[in-house]
Amino acid sequence: MAPAVDVGAPVDAIEGLKARAKQVDRSIFPDGLKTTGQHPPLYDKIYPYSAFPKRIEGPTEWKAEDYANNPERWVHQFSEDELAEISKAADNFMELGLPLTGITKENFRLPEFESSLTTMRRELINGKGFILYKGFPVNEWGNHKSAVAYMGLGAYLGYPVSQNGHGHILGHVKDLGEDSTQIDKVRIYRTNARQFFHADDCDIVGLLCIAKAEFGGESDVASIHNVWNILQAERPDVAELLTQPVWYFDRKGEVSQGEDPYIKAAVFYLETPDPADPAREQRVYCKWDPYFVRSLTRFSDKGIIPPLSPAQDEAVKLLEATCERVKLHMILDIGDIQFVANTHTLHARTAYRDFGPDTGMPRRHLMRLWLSVPESEGGWRLPYWDSDEKKRGGIQVDDTPPVARLEAD
């Protein structure tokens with residue numbers, strides 16, 4: 001089946017973008033890699049609803065009951081030997097005197113643990129799409145060594161990309177007192193509000209728990225392929241609407257010079273064909289965050305873009321409700337690391353309340369990684385010009401340099 005829309009970017013424009021991605025100022029990006037950032041899809045690579053499967057089966061389609069009572073299938077307790085190897089690698093890296101932005105597999109060697117990480121990476125990308133590690137000794141190691149060790153592990157899964165307009169490749173999920181109702185300006189991870197089911201602008205997101213809230217802040221994950229099957233069975237009209245590139249996503253001011261402040265896109269996509277194996281399955285991919293869809297009234301009120309239609313508003317609510325029906329709930333304890341795929345799962349967080357200032361307890365704090373996996377290294381074949389760039393996706397504003405701070409700012 002041919003793609004639905006034949007109004008893609010000209011080939012020379014795409015090649016120009018790829019060429020510029022390789023022209024990187026190493027005084028700003030020492031590894032020679034720059035986050036490519038947010039872009040519209042290639043509209044001529046978007047497939048019509050009729051090309052999508054009626055039902056998805058396989059390891060990416062799972063139900064909460066498959067895992068809720070079987071933690072051995074998705075929880076890994078770090079062993080003493082694993083922690084000793086990670087600790088040694090972190091100490092060796094810190095002795096090099098390099099910034100955290102310089103961590104790679106080559107300078108963070110894990111010869112024994114690497115095979116386990118390779119298996120886990122494969123499961124994240126092509127399997128159920130999530131894992132929870134337990135027992136990272138964050139209190140013993142402190143924030144600096146914990147960040148080094150965490151980013152070192154991440155280097156075995158993908159390339160760290162910038163998470164915001166400030167270039168943060170080590171992010172911090174923490175309530176900074178910002179107003180969560182100002183969704184056109186505020187990123188929800190900087191508040192204590194509920195985060196509805198969404199995917200981040202990367203292939204894999206990691207969260208390391210440094211400190212817990214007094215109440216709430218718990219995690220949910222849903223298989224988007226299970227959600228798709230339900231929509232196809234119960235509301236195929238909504239499934240079809242979600243495959244159409246009629247959705248506008250806010251960029252909340254995190255844009256480079258000359259770029260639009262929003263992106264017009266679909267929610268569900270099919271992978272592009274594999275040139276080496278045209279018969280290979282084209283999987284269903286989801287890119288979604290309701291906060292970035294509902295925050296555009298400053299444009300729709302002026303007639304610059306259309307407002308959400310009643311059908312779209314219903315689809316937003318139904319997608320969230322369906323995720324709620326099938327979610328796997330988990331609680332991150334101090335020293336837990338959650339890795340989640342953004343291709344075929346959506347994740348959410350409950351609202352939370354921090355301990356009061358008079359308790360002496362720290363505020364909830366998660367260190368976050370956004371990791372990219374390019375097409376040629378096992379990543380999904382996405383309908384974007386940067387699908388095979390090492391640091392595809394993320395958020396990049398002009399030449400803002402990558403930074404990895406140990407606290408939220």
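Residues numbered from 1 in each chain as written. Predicted model: local features only at pLDDT ≥ 70, side-chain atom pairs only at ≥ 80, totals over all residues. Heavy atoms only, no water.

**Student:** So what exactly am I meant to see when it comes to the overall build of the chain here?
**Tutor:** Per the secondary structure count, the chain includes nine helices and 17 strands. Against the compact-globule benchmark of 22 Å for 409 residues, the chain has a radius of gyration of 21 Å, which places it among compact chains. Across its three principal axes, the chain shows a C-alpha extent of roughly 55 × 45 × 45 Å. Considering only intrachain contacts with a sequence separation of at least 6, the fraction spanning at least 24 residues in the chain is 80%. For the chain, the accessible surface area stands at approximately 17,600 Å², while carbon and sulfur atoms represent 52% of it. The averaged location of the 62 negative side-chain charges in the chain is 2 Å from the averaged location of its 47 positive side-chain charges. (Helix = DSSP H or I, 4+ residues; strand = E, 2+ residues; numbered from the N terminus. Rg over C-alpha atoms; globule rule 2.2 N^0.38 Å. Contact = heavy atoms within 4.5 Å. Areas by Shrake-Rupley, 256 points an atom, 1.4 Å probe, with all protein chains shown as cover. Lys, Arg positive; Asp, Glu negative; His and termini not counted. Charge placed at Lys NZ, Arg CZ, Asp CG, Glu CD.)

**Student:** What's the story with the side chain of Asp 354 in this structure? I'm lost.
**Tutor:** Examined against the element boundaries, Asp 354 turns out to sit in the loop between β16 (352-353) and β17 (365-372). Despite its burial, Asp 354 pairs with no opposite charge, the nearest such side chain being Arg 363 at 5.1 Å. Apart from the residues within four sequence positions on either side, Asp 354 is in contact with Asp 175, Ala 213, Glu 214, Arg 363 and Arg 364. (Buried < 20%, exposed > 50% of the residue type's maximum accessible area, 1.4 Å probe, protein only. Salt bridge = Lys/Arg side-chain N within 4 Å of Asp/Glu carboxyl O.)

**Student:** Explain the packing of aromatic side chains to me, please; I cannot follow it from the model alone.
**Tutor:** Any pair of aromatic rings gets described here by the distance separating the centres and the angle formed by the planes. Enumeration according to the criterion identifies 21 aromatic pairs in this entry. Counting every residue linked through ring pairs, the aromatic cluster contains Phe 78, Phe 113, Tyr 133, Phe 136, Trp 141, Tyr 150 and Phe 339. Between Lys 128 and the ring centre of Phe 130, over which it is positioned, the NZ or CZ distance is 5.9 Å. Across from the ring centre of Trp 380, 3.9 Å away, lies the NZ or CZ of Arg 283, which sits over that ring. (Phe/Tyr/Trp six-rings, centres within 6.5 Å; stacked < 30°, edge-to-face > 60°. Lys NZ or Arg CZ within 6 Å of the ring centre and 35° of its normal.)

**Student:** Would you explain helix α9 (residues 310-326) in this entry?
**Tutor:** Helical geometry note: an α-helix holds 3.6 residues per turn, so side chains three or four residues apart project in the same direction. Taking 1.5 Å per residue as the helical rise, α9 with its 17 residues ought to reach 24 Å, and the 25 Å between its terminal C-alpha atoms agrees with that figure. Here α9 has its buried residues at Gln 312, Ala 315, Val 316, Leu 319, Glu 320, Thr 322, Cys 323 and Val 326. All buried residues of α9 project into a common sector of 160 degrees when viewed along the axis, lining one side. For α9, the exposed residues lying more than 90 degrees away from the buried face are Pro 310, Lys 317 and Arg 325. (Expected span 1.5 Å × (residues − 1). Arc of directions from axis to C-beta.)

**Student:** What is the right way to read the state of the cysteines from this model?
**Tutor:** By the definition in use, this model includes zero disulfides. Its sulfur unpaired, Cys 323 is 7.6 Å from the next cysteine sulfur, which belongs to Cys 286. (Disulfide = S-S within 2.5 Å.)

**Student:** In this structure, what is going on with helix α3 (residues 114-126)? I would like to understand it.
**Tutor:** The end-to-end C-alpha separation of α3 is 18 Å, in line with the 18 Å expected for 13 residues at 1.5 Å each. Three or more residues of α3 are buried, namely Leu 117, Met 120, Arg 121, Leu 124 and Ile 125. Buried positions in α3, seen along its axis, are confined to an arc of 130 degrees and lie on one side of it. The inward-facing, buried residues of α3 abut β2 (130-134), α4 (138-154), β6 (204-211) and β14 (337-341).

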